[in-house]
Amino acid sequence: MKTLLGRRTRLLAATTATAGLVLVVAGCSSSGGSGGATVKGVHVVKAGQLTTCTHLPYPPFQSEINGKVQGFDVSLIDLVAKNLGVKQQIVDTPFENFKTGAFLNSGQCDLAAAGMTITPERKKNVDFSDPYFEATQAVLVAKNSGITSLADVKTKGRKLGAQAQTTGEDYVKGKGYDPISFESSDAVLNGLRTGQVQAVVIDYPVVQGWLKDKANADKFKVVDNLKTGEQYGFTVKKGNTALREAIDKALKDAKADGTYKKLYEQWIGPYHASVASPAAS
């Protein structure tokens, strides 16, 4: 498994699809929660900003498009920032930190948004928002691979790839597979393209994004869709009830007024309410 800890933190620009604002990135606080400001009862680590940790790239949830970070997660958190009267700042960090809550605890970020599955293990270190997306894991292969299912990968002795530190990787390991780990979703797809692996398992919405590209759609196909009961949530530092409630309110309002559906169709695809709007767990 490749380590993610050596990756340098990057500060990036973000754009909001809902309000059309360009969010200019500046430095972020590492003060461990001192300083910052309180807006509408919510403490932010840097005045005038809602600082979001993510891990790039992970389309359609967050990725750089035309030099700015955009995606479904970005647009949803823009709604939170707008309600608070601040601007969102995106910080690219190693995915390992999302499991431990390290950057939340150090005061570098207010929240984390990274297409992250809610799990009991992660709940020990961070507080999750209400779930905002229900995901399945897809198995993607080359059309000429002869692989027709996840089971085929093992039966035919083929190599399986997965993104490191993800629930997809955990799922297949739990089924007795020994996947080759890749640092990012882009690296997963490249591993399949170059023949390092003959099949990959990763969140289905990510695969949907890949297959919007005709070159990918001509070459690859989904042969299995694994229902793992995964729900995505945004995370805040343990005990940060005010920000968690602000996120939940923005999600609830967006689902009620149609904004959530609009953003879902923009970034992910056809809207299915039973999948896209899971009840709070």
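To continue, consider helix α10 (residues 241-257). Over its 17 residues, α10 runs 24 Å from end to end, which matches the ideal 24 Å to within 8%, given 1.5 Å per residue. Of the residues making up α10, those classed as buried are L243, A246, I247, D248, A250, L251 and A254. At its buried positions, α10 is contacted by β5 (42-44), β6 (49-54), α1 (72-84), β10 (111-112), β17 (235-237) and α11 (259-267). Where α10 ends, the next residue or the one after it, G258, has phi of about 90°, a positive value.

In the structure shown here, the tally under the stated rule is 14 aromatic pairs. Between F72 and Y264, the ring centres sit 6.0 Å apart and the planes meet at 90°, which makes this aromatic pair edge-to-face. Of this pair, F72 sits in helix α1 while Y264 sits in helix α11, placing them 192 residues apart in sequence. Per residue, the accessibility class of F72 equals that of Y264, and both read buried. Through a chain of ring-to-ring contacts, three or more aromatic side chains come together here, namely Y58, F61, F72, Y132, F133, Y232, F234, Y260 and Y264. Here K154 stacks its cationic end above the ring of Y177, 4.3 Å away from the centre of that ring. A cation sits over an aromatic face here: K255 above Y260, 5.5 Å from the ring centre.

For the rest of this paragraph, the subject is the sheet that holds strand β16 (residues 220-232). Pairing is mixed in the open sheet, where 5 strands are placed in the order β14-β13-β15-β12-β16. Whereas interior strands pair on both sides, the edge strands pair on one side only; in this sheet they are β14 (180-182) and β16. Taking each pair of neighbouring strands and ignoring which way they run, the sheet shows an average axis angle of 25°. Both strand β12 (residues 133-142) and β16 contribute to a ladder of 9 bridges, which runs antiparallel. By the bridge assignment, V139 is partnered in β16 with D224.

As a further point, take the pattern of salt bridges. For the structure on display, the rule yields 6 salt bridges. Notably, a salt bridge pairs K214 with D218, separated by 2.8 Å at the nearest N-O pair. Of this pair, K214 and D218 are both found in helix α9 (residues 214-219), 4 residues apart, which corresponds to roughly one turn of the helix.

What counts, and at which threshold
Residues numbered from 1 in each chain as written. Predicted model: local features only at pLDDT ≥ 70, side-chain atom pairs only at ≥ 80, totals over all residues. Heavy atoms only, no water. Helix = DSSP H or I, 4+ residues; strand = E, 2+ residues; numbered from the N terminus. Expected span 1.5 Å × (residues − 1). Buried < 20%, exposed > 50% of the residue type's maximum accessible area, 1.4 Å probe, protein only. Contact = heavy atoms within 4.5 Å. Phe/Tyr/Trp six-rings, centres within 6.5 Å; stacked < 30°, edge-to-face > 60°. Lys NZ or Arg CZ within 6 Å of the ring centre and 35° of its normal. Pairing = 2+ DSSP bridges. Axes fitted to C-alpha atoms, helices over the stretch in contact; angles between N-to-C directions. Salt bridge = Lys/Arg side-chain N within 4 Å of Asp/Glu carboxyl O.

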